[in-house]
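# Topology and contacts: notes
If you want the building blocks of each chain, they are given just below.
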Amino acid sequence: MSITLRPALADDAGFAAVCVAAAYAQWIPLIGRKPGPMLDDYHQVIAEDRVLIAELNGNPVGLLVTRETDDGFLLDNIAVLPECAGKGVGRFLMLRAEEDAAQLGYRSLYLYTNERMLENIELYAKNGYREYARRLENGFHRVYMRKELG
């Protein structure tokens, strides 16, 4: 089973929205509302950000959204269809974000997650990310984490 990546096309917006909805649905009861990525317009995200579609055996199973910001290189979103969880797709996407940041000359990259998503915070910490801020944005309590590269 091989994971491949390709740039997202405008036609991928429907898949992106479905993938994100499926991947993030588990968090709605925990935070009491849809997480931020479920509210995004994926036509706009694909037009404005760096979006890669992950495929397993030619079928789309996940996506990676990254963006250059004033604060550095943002790993904005990783989403994998729940039925493909545990197959290494998320890890593959995380490593790709780090590679892209390094290739663009960044010495670190950052991400944020909801403070109630403790599993995510633990996962990112295990992968070398360290918390550096907590902020209330758009009604979401977010934990910001950064990973130094190389």
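Our structure's up above, just so we're on the same page.
Quick look at the structure, then.

Analysis parameters
Residues numbered from 1 in each chain as written. Predicted model: local features only at pLDDT ≥ 70, side-chain atom pairs only at ≥ 80, totals over all residues. Heavy atoms only, no water. Helix = DSSP H or I, 4+ residues; strand = E, 2+ residues; numbered from the N terminus. Rg over C-alpha atoms; globule rule 2.2 N^0.38 Å. Contact = heavy atoms within 4.5 Å. Areas by Shrake-Rupley, 256 points an atom, 1.4 Å probe, with all protein chains shown as cover. Lys, Arg positive; Asp, Glu negative; His and termini not counted. Charge placed at Lys NZ, Arg CZ, Asp CG, Glu CD. 1 Å grid on protein atoms, 1.4 Å probe; cavity = no way out; pocket = protein on both sides within 12 Å on 5 of 7 lines; lining within 4 Å. Points joined across faces, edges and corners; volume = space filled by probe spheres on them. Expected span 1.5 Å × (residues − 1). Buried < 20%, exposed > 50% of the residue type's maximum accessible area, 1.4 Å probe, protein only. Phe/Tyr/Trp six-rings, centres within 6.5 Å; stacked < 30°, edge-to-face > 60°. Lys NZ or Arg CZ within 6 Å of the ring centre and 35° of its normal. Core = buried A, V, L, I, M, F, W, Y, C linked by side-chain atoms within 4.5 Å.

## Concerning the overall build of the protein chain
Assigned secondary structure in the protein chain consists of 5 helices and 7 strands. Written out in order from the N terminus, the α and β elements of the protein chain read β-α-α-α-β-β-β-α-β-α-β-β. Computed over C-alpha atoms, the radius of gyration of the protein chain comes to 15 Å, within 12% of the 15 Å expected from 2.2 N^0.38 for 150 residues, which places it in the range of a compact globule. Dimensions of the protein chain along its principal axes, counting C-alpha atoms only, are 40 × 40 × 30 Å. Here the analysis covers contacts within the protein chain between residues at least 6 apart in sequence; of these, 59% occur between residues at least 24 apart. Accessible surface for the protein chain amounts to roughly 8100 Å². Of this, 49% is attributable to carbon and sulfur atoms. Positive and negative side-chain charges in the protein chain, numbering 17 and 21 respectively, have mean positions lying 5 Å apart.

## Points about the layout of surface pockets
There is about 1100 Å³ of room inside the largest pocket. Lining the largest pocket are 40 residues; nearest its centre among them are Tyr-24, Ile-78, Ala-79, Asn-120 and Tyr-124. Secondary-structure elements contributing two or more residues to the lining of the largest pocket are helix H1 (13–24), strand S4 (72–80), helix H4 (89–103), strand S5 (108–114), helix H5 (118–126) and strand S7 (140–148). Looking at the lining of the largest pocket, the element that brings in the most residues is S4, giving 6 residues.

## Description of H1
For an α-helix, 3.6 residues make a turn, and residues three or four places apart therefore share a direction. End to end, H1 covers 16 Å across 12 residues, agreeing with the expected 16 Å (1.5 Å per residue, within 8%). On its buried side, H1 packs onto helix H2 (28–31), helix H3 (42–48), strand S2 (50–56), strand S3 (59–69) and S4.

## A look at the environment of Val-89
Along the chain, Val-89 falls in helix H4. Taking the relative accessible area as the measure of exposure, Val-89 reaches 1% and is therefore buried. Residue contacts for Val-89: discarding those within four places in its chain leaves Ile-3, Ala-54, Leu-56, Val-61 and Val-80.

## Re the packing of aromatic side chains
With the rule as written, the count across this model stands at 5 aromatic pairs. Their ring planes at 65 degrees and their centres at 6.0 Å tell us that Tyr-124 and Tyr-129 sit as a pair that is edge-to-face. In terms of burial, Tyr-124 and Tyr-129 fall into one category: buried. Considering the side-chain rings of Tyr-132 and Tyr-144, the 6.0 Å spacing of their centres and the 65 degrees angle between planes classify their relative orientation as edge-to-face. With Tyr-132 in strand S6 (residues 130–137) and Tyr-144 in strand S7, the pair connects residues that are 12 residues apart, well separated along the chain. Looking at Tyr-132, the relative accessible area reads 34%, which means it is partly exposed. You can call Tyr-144 buried: its relative accessible area is 5%. The ring of Phe-140 has Arg-33 sitting right over it, with the charged end atom 3.8 Å from the ring centre. Here the guanidinium or amino end of Arg-146 rests over the ring plane of Tyr-132, the centre of that ring lying 5.1 Å away.

## Regarding the nonpolar core
By size, the foremost hydrophobic cluster in this structure holds 24 residues, and its most contacted members are Leu-75, Val-89, Leu-109 and Tyr-129. Only S2, S3, S4, H4, S5, H5 and S7 provide two or more residues apiece to this core. Counting residues per element, this core draws most heavily on H4, at 5 residues. The residues touching Leu-109, leaving out its near neighbours within four places in the chain, are Phe-73, Leu-75, Ala-97, Glu-98, Ala-101, Tyr-129, Met-145, Arg-146, Lys-147 and Leu-149. Ala-13, Tyr-24, Val-45 and Val-51 belong to the second-largest nonpolar core, a separate cluster that totals 22 residues.

Purely geometric numbers; function is a separate question.
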